[in-house]
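Residue-level listing of the chains:
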Amino acid sequence: MQLFRLEKPMLLRQLKTSEDGLTSSQVARRLREFGPNVLEKAAKKNYLLAYLGQYSNFFAILLEVAALLSFIADHYDPEKGSDILGYAILGAVIINATFTFWQEYRADKAMEELLKLIPTMVSLKRDNQVIQIKAENLVPGDIMLLEEGSKIAADGVVIEANSLYLNLSSLNGESAPASRSTEPGTANRPLEARNMVFAGTTVVSGSGVAVASATGNATEFGNIASLTKNVRKTLTPMQREIIHITRVFTGIALFMGCVFFALGLFSGKGIMLASIFALALIVANVPEGLLPTISLSLSLASQRMAKRNALIKNLDSVETLGSATVICTDKTGTLTKNEMTVKFLWLAGGEEVSVSGEGYRTPGEFSCDHYNESSEHRLADLLTAGLLNCRATIDEENLRGDPTELAIVAAGRKKGITAPELKKVREFIFTSERKMMSSVYQEGETTHLFTKGAVEVTLPKCATFLGKDGKEHPLTEATRQAALAKADVFENQAFRVLLIARGTKEKEEGLTLLGLVAIMDLPRSEVHAAVASCKTAGIRTMMITGDNPRTAAAIARMIGMDFDRVITGPELEKLQDEELEQILASETALFARMAGNQKLRIATALQNNGEIVAMTGDGVNDAPALKKADIGIAMGLSGTEVAKEAADMVLLDDNFSSIVIAIEEGRNVYFNVKKFVTYVLASNAPEIVPYILHFFLKIPLPLSVIQILSIDLGTDILPGVALGSERPEKNIMTRPPVGKGEKILDWEVFKRGYFFLGIIEATAAMVAFLSFLLLHGWQYGTVDLADPLLHRQAMTMTLLGAVSCQLLNAWTMRSWEFSAFSVGFFSNRMMLVAMGVELVWVWGLLNVAVVQKVFNTAHVPIGDLWILLPFPVLLFLSHEGYKWLRRSRNSLATP
Amino acid sequence: MKVIAAVNGLVTSDIAAFYALRYAAFLDYTLCLLHVENPADSKEEVESSMSAIEETAEQYQVRTERVFLKGEPAPAIQAHLQEIRADILFCSTRMRKRFFEDSLSEKLTRLRLPADLAIVRVAHMDAVFITENILLPIREDRLSVKKFIFVSAMAKALGASTEIYSVSPAGNRRLARLDIGNAREIFQKINNRLSHYTKGFKLMAVPLRIKHSLVENEVDQIMHHLAHQKFQLMIIGGRRLSVFSQLFTEDPITRIFRYTPVNTIAFYARDAE
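The numbers attached to residues start from 1 for each chain and follow its sequence in the written order. As a convention, the first chain written is A and the first ligand written is 1, with the rest following in written order. The predicted origin of the model limits local features to residues at a pLDDT of at least 70 and limits the giving and counting of side-chain atom pairs to 80 or more, whereas totals for whole chains, interfaces and linings rest on all residues.

K.L.:
Lay out the overall build of chain A in plain terms, naming residues and giving numbers.
P.N.:
Comment: elements are numbered from the N terminus, with helices defined as DSSP H or I runs of at least four residues and strands as E runs of at least two. Across its full length, chain A carries 31 helices and 27 strands. A total of 895 residues make up chain A; the buried ones form 51% of that total. Considering only residue pairs separated by 6 or more positions, chain A has 72% of its internal contacts joining residues 24 or more positions apart. Put simply, a residue is buried when 20 or more other C-beta atoms lie within 10 Å of its own C-beta and exposed when 12 or fewer do; between those, it is partly exposed, and each C-beta is set from the backbone. Contact between residues is assigned whenever the C-beta positions, reconstructed from backbone atoms, fall within 7 Å.

Take a look at the structure:
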């Protein structure tokens, strides 16, 4: 039988302990048997190894081999400066590794925050003596002494209780104190047993004694810790994309490198020349600047999101947000204001009073159809009874107390009522089991008792009611039925209904019914639009709340949230995982009366259906679900530190609308990455084509490898980052979630990048190179130029051909679908800065001796630069035309 | 045929003996309570434990006998097992802090025994009385007939349902390649390969579920699954590692035993004759 079901003697026998506690020798042996009372910490990340690991991916290995080949070439032919190339390639590898490491690794502090909930010292009874020991030395069978305010270090069964109340919120999210007794439990699970205490919870009031039944990982809290620590997210869409992109580029680079190495050998160019060719093609095909650009772009996006109240903790999450297909959101505080408001009062005489003004500090009016002087008095009596039975206070700066009580205090303030100064002598506190609370006051010889509570619990304790005449009358069946019917009407409209009564004894019986108050946490005004925006964006929103189904459904209707069915916590418990997956595949559910740990099941089921899940949470017990979800979103205002540490994003204003704004930004990042991948691809073509032409035709080498690197790691980076900061396109939230059956590096990107824009750029580069040579007396067939300056000038022209096209490519790429003119010239200041820097760089390539030496460039007379002019314009207009054609085709396809 | 339970008077050995008792009750075997006398154990506690187990055995109508041996525990047990017809030996183990502690259970795992060996790590003292769900983690479809027989017998003996949790190791790159359709295909293949065991469980009327996971770290995933679901017992397959090999690799069982949140039995099938 379970330990919590056993009577004390049997329990002690089963655990081989006694009320005097374990003996020292028993403790020593149990410590060996069960181990110390500690939670398994996450294995510490070896950051050095993780960083070094960045040097072993496909990209890195390829470039490392290229660098090695450069150093070998330099060893055999030191005159060509291949060592500079080797260092440059190694520099590219280091930059890539550092940026990727920076993006992927961050300290996971959720476990550290969880461990703070476990005390370091505990009071125990051992060898019949009370002692204080380190919590880690506590063993099953120990007698734990529980006092008000103490944290509990292990799960245990209560054997003595004196008004013992615990805060179990770390396990079940319920902040109301839970009473504990010594009665053997009849529940099926320890968490439901009222004679159990748990590690990680605190004693709110009273005292008691408990026998430790489980320690360390075997505790219920150990479960949460284990779930928080061991949850491993699936790869984010961006991580998948990067792996995909790396694989594709590496494949192409290796293929072309091998083909040209073989061709070089067979055509008799010698192993050295063939190797250099292979090396050049590998370097040209690998977009060295891509990973740093992605990291910088994500970082900038996260800064923009922080300004809009969404604090991003994990950079990859930025893009994952754009892929979100389901948002599972809490109700209280996220969809609603978390400010309870009294909207209606019902007086026992039969009048219904409505109250205007929402929230705790907004003024309001009371209105009633059949209002008279008696109503006014009875309303004042009801509100006074409510005020005298509240601990909550509202002053200019602070709100203190329970939200429901704050609503009653706010209603009293609206009416201008203050509680009279009376001496409080006793309080019957509210618990989730009692569902009512009372305060007892003494005024001379007179005792006043004021009660509020759930109608079904408090009404049976009423014997009289305050009638229309302002006098007390015996409670008739008709009045009882009227009160119940009114409560039902209010509850059907999602109000929380409290019955207010008063008495003259120190017992909660024989009370006088004063009336009902209908309280609601109203939805935030901006949420309706945000939910509608999710609908058009193809994102399902699901509410997960601990509240009752009726309230949840009513709030969902008020904010326009669609749902096919309501699933309650107990119903979810009965569903098999496969059944849940099936339901969630075809229906949108609203989850009510949920326990925190059930969120994890919902997140897992949705992910198993291929959904990208964003999940909100604030409690300690939400931490596993926040970690499991693709995007864990913690509440910045009301969230616990554990939840914030477990989450990927923290909402600084707890507002659902901020999630939708963040999703818009996430989608924007996805498209911006797509834009700059296309932009980067376009510059690959003018890097590859010169080598192919040099190989097959009798022309001098048009571009050196170091010049290729100057494009990839120099001129492409800033415009790339600027494209990453581009504002969202106007259709961003009217299209389905990104990434679902869609990749960043898809055929469209290849087509536009390589085969359309790339070909124009390659043509520009080669026309510039060949025209310049022809204008300066070169004849076809001369491969080795006698004048090295002429060769360097011609190579500079090739480089400028590619760079000038990239300048306007960046501008036209600012919109993926719409005209570049529609996005505004000054709307992306970073792009203007990037252009400025590019032009300075071009000037440097032409005029600064050091730059010329490193990049093998030379001054080109201004009279020759006209050759470059037509191509950037041609590229710009061609791409604008391409987009226009796509728009026309799409508008024709859309009915 | 006998089921042997090594008893030393400690709570954990009592619980291991209760598992042995339920197993013996299901197979109608004799439960042999065995103790190797040594100065570390209190004879009084050992006898008190044996009495409590015998008392419970009566309720299950299981025949019991007591055996007291002398000498070095592991060889003494090995010698005793060679003399009798024993099906399995249940022995509790303590929380292992280090990778090598040279406990009795560790020594037994390295010996060639003529009986199966079940090493029991106790996390919850009451779990043996309320075992509703047993978890059987396996790598992909690797489930031996012997382990299947042991697990199904334990499930039947404890009246529990069983979940086979098939864990397929996969690195980041493989995970990046797989979509849900691919993963489901892999899982279906594993299900097909396990179908004869599924039939076996069905024949024995043991409720069975099969679940799958593609993960980087098997032990972490199993721990996560344990915390997520409601299991009272986990049965894992043990491997006999030499002292030498333990110097270089941490046996996953050691890590599982160190941090398991539920009672766990590592099953070592007897050496082939």
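K.L.:
So what's going on with the environment of Arg667 of chain A? Which residues, and what values?
P.N.:
Residue and element names in this part refer to chain A. For Arg667, the position within the fold is in helix α24 (residues 656–696). According to the C-beta neighbour criterion, Arg667 is buried, with 24 such atoms within 10 Å. The residues touching Arg667, leaving out its near neighbours within four places in the chain, are Gly322, Ile732 and Val738.

K.L.:
Run through the sheet that holds strand β27 (residues 649–651) of chain A, naming residues and quoting values.
P.N.:
Residue and element names in this part refer to chain A. When DSSP finds two or more bridges between a pair of strands, those strands are recorded as paired. As summarised here, the arrangement of the six strands in space is β8-β27-β26-β25-β9-β22, forming an open sheet in which the pairing is mixed. Of all strands in the sheet, those bounded by a partner on one side alone are β8 (310–312) and β22 (540–543). Averaged over all pairs of adjacent strands, the angle between strand axes in this sheet comes to 20°, irrespective of strand direction. The pairing of strand β9 (residues 326–329) with β22 spans four bridges and is classified as parallel. Residue Ile327 lies in a different strand from β22, and its bridge partner there is Thr541. Axis lines are fitted through C-alpha atoms, for helices just across the contact stretch, and the angle between N-to-C directions can take any value from 0 to 180 degrees.

K.L.:
I'd like a description of the environment of Pro861 of chain A, backed by residues and values.
P.N.:
Residue and element names in this part refer to chain A. Tracing the backbone shows Pro861 in the loop between α30 (849–855) and α31 (870–893). Pro861 gets classed as exposed once you count the C-beta atoms within 10 Å, which come to 10. Residues Pro861 and Val689, spaced 172 residues apart in sequence, show a C-alpha to C-alpha distance of 25 Å.

K.L.:
Any chance you could break down the pairing of strand β7 (residues 161–169) of chain B for me, citing the residues and the numbers?
P.N.:
All names here are of chain B. The sheet contact formed by strand β6 (residues 133–139) and β7 spans seven bridges and is parallel. Residue Ile138 lies in a different strand from β7, and its bridge partner there is Ser166. Crossover handedness is defined here as right-handed if the route from the first strand over the helix to the second strand goes clockwise, with the strands pointing away from the viewer. As for the winding sense of the linkage, the β-α-β connection from β6 through helix α5 (residues 145–158) to β7 is right-handed. Alignment of β7 against strand β8 (residues 208–215), held across eight bridges, turns out to be parallel. Residue Glu163 lies in a different strand from β8, and its bridge partner there is Arg209.

K.L.:
Which residues make up the domain arrangement of chain A, and what values do they have?
P.N.:
For chain A, the assigned domains are domain 1 (3–41 + 112–230), domain 2 (310–335 + 524–654), domain 3 (338–523) and domain 4 (668–895). Taking only C-alpha atoms into account, the centre of domain 1 of chain A sits 68 Å from that of domain 4 of chain A. Domain ranges listed in this record stem from an automatic or a database domain assignment.

K.L.:
Kindly report on the pairing of strand β7 (residues 202–214) of chain A, identifying the contributing residues and their values.
P.N.:
Residue and element names in this part refer to chain A. Both strand β3 (residues 143–146) and β7 contribute to a ladder of four bridges, which runs antiparallel. Paired with Leu146 across the strands is Gly208, a residue of β7. Direction of pairing for strand β4 (residues 155–167) relative to β7: antiparallel, over a ladder of ten bridges. Looking at β7, one finds that Val157 is bridged to Val211.

K.L.:
Give a detailed account of the packing of α24 of chain A against helix α26 (residues 717–724) of chain A, specifying residues and quantitative values.
P.N.:
All names here are of chain A. It is at 8 Å that the axes of α24 and α26 come closest, and there the two elements cross at 155°. With respect to their mutual orientation, α24 and α26 come out roughly antiparallel. Two packed elements cross with a definite hand, and for α24 against α26 that hand is right-handed. Along its contact with α24, which presents Asn672, Val673, Lys675, Phe676, Tyr679 and Val680, the element α26 presents Pro719, Gly720, Leu723 and Gly724. Throughout this entry, Asp, Glu, Lys and Arg are counted as charged residues, while Ala, Val, Leu, Ile, Met, Phe, Trp, Tyr, Cys and Pro are counted as nonpolar. The remaining residues, Gly among them, count as polar. For the contact of α24 with α26, the per-class residue count stands at six nonpolar, three polar and one charged. The labels follow the angle: roughly parallel below 35 degrees, roughly antiparallel above 145, roughly perpendicular from 65 to 115, and oblique for the rest. Working rule for handedness: look at the near helix, and if it is turned counterclockwise from the far one by less than a right angle, call the crossing left-handed; if clockwise, right-handed.

K.L.:
Could you give an account of the environment of Thr715 of chain A, with specific residues and numbers?
P.N.:
All names here are of chain A. Note that Thr715 resides in helix α25 (residues 705–715). Residue Thr715 is classed as buried on the basis of its 24 C-beta neighbours within 10 Å. When the C-alpha atoms of Thr715 and Trp841 are compared, they prove to be 7.8 Å apart, with 126 residues separating the residues in sequence. Excluding residues that lie within four positions of it along the chain, Thr715 makes contacts with Ser710, Val803, Gln806, Glu838 and Trp841.

K.L.:
Tell me about helix α11 (residues 252–259) of chain B, and name the residues and values.
P.N.:
Residues Ile253, Thr254, Ile256, Phe257 and Tyr259 of chain B constitute the buried set of α11 of chain B. The secondary structure elements touched by the buried residues of α11 of chain B are β4 (86–93), β5 (116–121), α9 (218–228), β9 (233–237) and β10 (263–268) of chain B.

K.L.:
Account for the domain arrangement of chain B, naming residues and giving values.
P.N.:
Residue and element names in this part refer to chain B. As assigned here, chain B comprises domain 1 (1–122 + 263–273) and domain 2 (132–231). Computed over C-alpha atoms only, the centres of domain 1 and domain 2 are separated by 28 Å. With eight residues of domain 1 at the interface, the matching set in domain 2 holds nine residues. Element by element, the count of residues in the side of domain 1 that touches domain 2 is highest for helix α1 (residues 11–27), at five residues. The residue makeup of the side of domain 1 that touches domain 2, split by class, is six nonpolar, no polar and two charged.

K.L.:
Which residues make up the sheet that holds β6 of chain B, and what are the values?
P.N.:
Residue and element names in this part refer to chain B. Ordered in space as β3-β2-β1-β4-β5-β10-β9-β6-β7-β8, the ten strands form an open sheet in which the pairing is mixed. Where the open sheet ends on each side, the last strands, each with one partner, are β3 (64–69) and β8. For this sheet, the mean angle separating the axes of adjacent strands, direction not counted, is 25°.

K.L.:
Describe in detail the nonpolar core, supporting the description with residues and values.
P.N.:
As a rule of thumb, nonpolar side chains are buried together in soluble globular proteins. Put simply, a nonpolar core is a cluster of buried Ala, Val, Leu, Ile, Met, Phe, Trp, Tyr and Cys residues tied together by C-beta atoms within 7 Å. Core analysis: the biggest nonpolar cluster contains 337 residues, and Val283 and Phe591 of chain A together with Ala5, Ala20, Leu89 and Phe90 of chain B have the highest contact counts within it. The biggest single contributor to this core is α24 of chain A, with 19 residues.

K.L.:
Lay out the packing of α26 of chain A against helix α29 (residues 829–847) of chain A with the relevant residues and their values.
P.N.:
All names here are of chain A. Following both chains from N to C, one finds α26 and α29 inclined at 175°, their axes separated by 8 Å at the closest point. Between α26 and α29, the angle falls in the class roughly antiparallel. Facing Leu718, Pro719, Val721 and Ala722 of α26, the residues of α29 in contact are Met830, Met831, Ala834, Val837 and Glu838. Residue classes in the contact of α26 with α29 are distributed as eight nonpolar, no polar and one charged.

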